[in-house]
Amino acid sequence: MMIQFLALVRKDLKLFFTDRRALLAGLVVPIICGSFFGYLFGGNKGDTETGKVPVLVIDQDESDVSRELVAQLASNSSLGINPSTPAAAREAVRKGKATAAIIIPKNFGVEAGRALFAGDAKPAIDLLYDPSHALELDMVKGILNGAVMQTVSKEIFGGKNGRELVTESLARLEKSDLPSEDRTALRDLLNGVKNWNEQQERDGAAGDGGFSIGLTMPYATQDQAITSGQNSEYNGYAHSFGGFGVQFVLFMGLDAGITLLMLRQNGLWQRLRAAPLSRTVLLGSRAVSAALIAIFILLVIFGFARVVFGVRIQGSIAGFLGVCAAFSLMTAAFGLMVAAFGETVEATRGYSILATLILVMLGGAWVPTFLFPVWLQKLTVINPTRWAVDGLDGMTWRGLGFSAALGPIAALLVFTLLFGALAVMRFRWRIED
Amino acid sequence: MLQVEGLTKVFGELTAVNCVSFRANSGEIVGLLGPNGAGKTTTVSLIAGFLKPDSGEVLIEGKGIQSDTDPVKREIGLVPQNLALYDKLSAHDNLTFFAALYGLAGTKANEAIKDALSLVELSDRAGEKVDVFSGGMKRRLNLAAALLHDPQILLLDEPTVGVDPQSRNAIFENLETLRKQGKTLLYTTHYMEEAERLCDRIVIIDHGKVIADDTLPELHKLFPATNVIAIELDHVDALKPEKILTLPEVKSAELEHQTLRVEVHDLSRGAPIILRWLAENGHSYHHVSTEQADLETVFLTLTGRSLRDT
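Rules used throughout
Residues numbered from 1 in each chain as written. Chains lettered and ligands numbered in written order. Predicted model: local features only at pLDDT ≥ 70, side-chain atom pairs only at ≥ 80, totals over all residues. Heavy atoms only, no water. Helix = DSSP H or I, 4+ residues; strand = E, 2+ residues; numbered from the N terminus. Buried < 20%, exposed > 50% of the residue type's maximum accessible area, 1.4 Å probe, protein only. Contact = heavy atoms within 4.5 Å. Areas by Shrake-Rupley, 256 points an atom, 1.4 Å probe, with all protein chains shown as cover. Core = buried A, V, L, I, M, F, W, Y, C linked by side-chain atoms within 4.5 Å. Axes fitted to C-alpha atoms, helices over the stretch in contact; angles between N-to-C directions. Parallel < 35°, antiparallel > 145°, perpendicular 65-115°, else oblique. Left-handed = near helix turned anticlockwise from the far one by under 90°. Nonpolar A, V, L, I, M, F, W, Y, C, P; charged D, E, K, R; others polar. Salt bridge = Lys/Arg side-chain N within 4 Å of Asp/Glu carboxyl O. Pairing = 2+ DSSP bridges. 1 Å grid on protein atoms, 1.4 Å probe; cavity = no way out; pocket = protein on both sides within 12 Å on 5 of 7 lines; lining within 4 Å. Points joined across faces, edges and corners; volume = space filled by probe spheres on them. Expected span 1.5 Å × (residues − 1). Arc of directions from axis to C-beta. Patch = residues over 30% accessible without salt bridge, like charges linked within 9 Å, V, L, I, M, F, W, Y side chains within 5 Å. Buried area = accessible area lost by both parts, 1.4 Å probe.

1. Points about the overall build of chain A
When you go through chain A residue by residue, the secondary structure sums to 16 helices and four strands. Taken across its 433 residues, chain A has 45% of its residues classed as buried. For chain A, the proportion of contacts with a sequence separation of at least 24, taken over those separated by at least 6, is 80%. As presented, chain A carries roughly 22000 Å² of accessible surface, and 61% of it is formed by carbon and sulfur atoms.

The following block contains the structure:
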């Protein structure tokens, strides 16, 4: 029986390696996709220049404050600032050529200063935005808030308009109906600012003194990627090669299932069934050959990523191989299940490609699962590809130990048993079944 | 020997095979003849064990197939109607694989492959991929793949579909060689010429039922008008067909335009008598032909429909 089993496995491997189309689909395409997405997600050195968010600015105020605000925005490395007119900006956003347009209204500088201390009506900055770029909009608003606070406070605490605003605010304070204690406290604050400004003017250093940059965030962040070790940098290719490796291995499993389905429709199935072979040998050999091809694909893909992009198994190598082996077995069982449940080749191919893409998408192969809504993150634990992707991430760039691989391996083996059992139970053994 | 007894298979409301019985002995080619959809392939599938019969049994050398791995299956060699080859593998690799399915490996497998390739005259193409083979070569390799384990019984399901006449003749010669070796061959076809040329006995099946099972000469006897001589006359003046009826061996005679058609009991004896009588009575002729009832006519007689048109 071993001769038959080995012959069946050897034949499948030989067919795979002599089929250039299968090799291309199984190896070259995931490498191309993994390389591209790895580059998009940061590459391996973290110095990949990312695209700036295109933002148009219309300065209708043309004051010192508004000019300073535009300069502040332009100095931000995340924004690509260009001047425009209201009509042109609206058209550009509508066509998607700009993510947002900021319209700074006339008298913005004066009105913003008044609003800061005197509680006058706040000037409105019109923000036109492309609704398909909601995430970027939040980023633009955050940068705009910081720039406005910095620019307006700088003007108040040193600019010519600021001094006039403080004097004007003191005069208006005396006429206000604020409670006596509040009025006294605010008067002291404004007089303090007035004295500061006068001192700066006497020193001839107005605008260039200690408060020349205005109000800024009172903290700075120090970003540190937590990966496998202090000297290890995150490599964006690790996740993308893992994700696309998983996707194309699943496609290979799918193809193995379709091939088995097609086999039933030609004379080869009759010839195999005419031979003294048990169904265990026939289906088992198919599963073993599919698993061997799957693990070969994963190893070649990660080998390429290692050589070309420096992706390393920074965690447990045994864990990595264990995850690869468990996922390969799961893929083989998945292929058998496709063959068992498929009716016609054409329909099965359509449905199973859709199912595979959903599995891959919800497994975090394309984008990490932490971007999913919480309920979806919880739901995807029933998705085998989630375990495969998490397991590969854990053993590569996260640098986790073997114990962290046990969960994914166990989960993938459970899926293997489930899919395998369904396949054996459902497989139409006889022609009339 | 292959023995089929009361085999019946029903698919839903269709009785594909209805109480089929026949036998095929060693050194004999038995033709299973019938139109498309008559039940030939289903019968072969039942014999090979792909289908489970609703009733009846198949005995291979006196034994039935009890399980998927029953050693009795080694006595069967199957040549499926659809080509059962891996196009991307070489002829030799294909045969190595099919030999291994029957537990043959190493020297035994190599010898079996060599013999099979030699029989179908593909030894010099063994290393080439099957996808570069012609249709006829593929058919011959398809046959070779069924011979590797030296089965006693060969099931050939329309093995010449789509091949050129030269390859067809080559396959026929292969099959005749196998017959001489004492193999039992069950040959399904809907080509009457193939059955007439090859088969020692013919089982005619229609609508799942065996409607005739005999040798070709015996089947011919089922058809009443078996031997006809057709004579193209120069002139028909004064010829009275009823006078011919008085001649020995003559069963009937009729004149249609300038053609005289005479049915005789035996062509070899009747033809000289008729031709001599025509010459003696001054009836000259310019063409003579004979007609013998073929399998098509037999089939038409038995079923009421033409084999080719069904």
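2. Quick notes on the nonpolar core
Formed by 150 residues in total, the largest nonpolar core has its most connected members in B:Leu2, B:Leu155 and B:Leu175. If you look at the next biggest cluster of nonpolar residues, it comprises 26 residues, including A:Val148, A:Phe157, A:Leu173 and A:Val193.

3. Things to note about the packing of helix α15 (residues 384–395) of chain A against helix α16 (residues 402–426) of chain A
Residues and elements named next belong to chain A. α16 packs onto α15 with a crossing angle of 155° between their chain directions and a minimal axis gap of 9 Å. The pairing of α15 with α16 is recorded here as roughly antiparallel in orientation. The two elements α15 and α16 cross, and the hand of that crossing is left-handed. Contacts from Pro-384, Trp-387, Ala-388, Gly-391 and Met-395 in α15 reach Ala-404, Ala-405, Gly-407, Pro-408, Ala-411, Leu-412, Phe-415 and Phe-419 in α16. A per-class count over the contact of α15 with α16 returns eleven nonpolar, two polar and no charged.

4. As for the pattern of salt bridges
Counted according to the given criterion, the structure contains 21 salt bridges over all chains. Salt-bridge contacts for B:Asp68 lead to A:Arg273; the nearest nitrogen and oxygen are separated by 3.5 Å. Of this pair, B:Asp68 sits in the loop between β4 (55–60) and β5 (76–79) while A:Arg273 sits in helix α10 (residues 267–274), which puts the two residues in different chains. Across this residue pair, the class does not change: B:Asp68 and A:Arg273 are buried. The shortest N-O distance in the salt bridge between B:Glu263 and B:Lys251 comes to 3.3 Å. Residue B:Glu263 is found in strand β12 (residues 259–264), and its partner B:Lys251 is found in strand β11 (residues 250–256); the two are separated by twelve residues along the sequence. Judged by relative accessible area, which is 14%, B:Glu263 ranks as buried. Each of A:Lys11, A:Asp12 and A:Arg286 takes part in salt bridges that share partners, so that together they form one network.

5. Thoughts on the sheet that holds strand β2 (residues 79–83) of chain A
Residues and elements named next belong to chain A. The mixed open sheet is built from four strands, whose spatial order is β2-β1-β3-β4. Here the strands that pair on one side only, and so sit at the sheet edges, are β2 and β4 (126–129). Between one strand axis and the next, the sheet turns by 25° as a mean value, whatever way the strands run. Here strand β1 (residues 53–59) runs beside β2; their pairing, made up of five bridges, is parallel. Residue pairing for β2: Val-55 is matched across the bridge by Ile-81. Against the sheet, helix α4 (residues 86–94) touches β1, β3 (100–104) and β4, its axis set at about 160° to β1.

6. Concerning empty space enclosed by the protein
According to the stated counting rule, one finds four cavities of 30 Å³ or more in the structure shown. If you add up the space inside the largest cavity, you get close to 50 Å³. Taken together, A:Arg271, B:Gly77, B:Leu78, B:Phe98, B:Tyr102, B:Ala145, B:Ala146 and B:His149 make up the lining of the largest cavity. Residue composition of the lining of the largest cavity, by class: five nonpolar, two polar and one charged.

7. Some details on helix α3 (residues 106–119) of chain B
All names here are of chain B. Under the 1.5 Å per step criterion, the end-to-end length of α3 is 20 Å for 14 residues, consistent within 8% with the ideal 20 Å. Every buried residue of α3 is listed here: Ala-109, Ala-112, Ile-113, Ala-116, Leu-117 and Leu-119. For α3, the buried positions fall inside an angular range of 155° around the axis, keeping them on one side. Residues of α3 that are exposed and point over 90 degrees away from its buried face: Thr-107, Lys-114 and Asp-115.

8. Description of a nonpolar patch on the surface
Residue and element names in this part refer to chain A. A cluster of nonpolar side chains, namely Phe-36, Tyr-39, Leu-40, Phe-41, Val-367, Phe-370 and Leu-371, defines an oily patch on the protein surface of about 740 Å² accessible area. Inspection of the secondary structure puts Phe-36 in helix α2 (residues 20–40). Among the residues examined, Phe-36 registers a relative accessible area of 47% and is labelled partly exposed.

9. As for the layout of surface pockets
Residue and element names in this part refer to chain A. Space inside the largest pocket adds up to approximately 1200 Å³. Forming the boundary of the largest pocket are 41 residues, of which Asp-19, Arg-21, Asp-255, Thr-259 and Arg-286 lie nearest the centre. Elements with a contribution of two residues or more to the lining of the largest pocket: α1 (2–18), α2, α9 (236–263), α10, α11 (279–309) and α13 (345–362). In terms of residue class, the lining of the largest pocket is built from 26 nonpolar, five polar and ten charged.

10. Considerations on the pairing of β12(B)
All names here are of chain B. For β12, the tally of buried residues reaches five of six residues, placing the bulk of the element in the interior. Relative to β12, strand β10 (residues 227–233) is paired through five bridges, and the arrangement is antiparallel. The partner of Glu-232 across the bridge, within β12, is Thr-259. The sheet contact formed by β11 and β12 spans six bridges and is antiparallel. Note on β12: the bridge partner recorded for Leu-255 is Leu-260. In sequence, β11 turns back onto β12 through a hairpin of two residues, with His-257 there showing a positive phi of about 55°.

11. Re the interface of chain B and chain A
Across the boundary between the two partners, chain B contributes 35 residues, which contact 28 residues of chain A. Here chain B packs against chain A, burying approximately 2800 Å² in sum over the two surfaces, 63% of which is carbon and sulfur. Applying the counting rule to chain B against chain A returns three salt bridges. In this structure, A:Lys14 and B:Asp93 form a salt bridge, with 3.5 Å as the shortest nitrogen-oxygen distance.

Treat this as a map of the structure, not an account of what it does.
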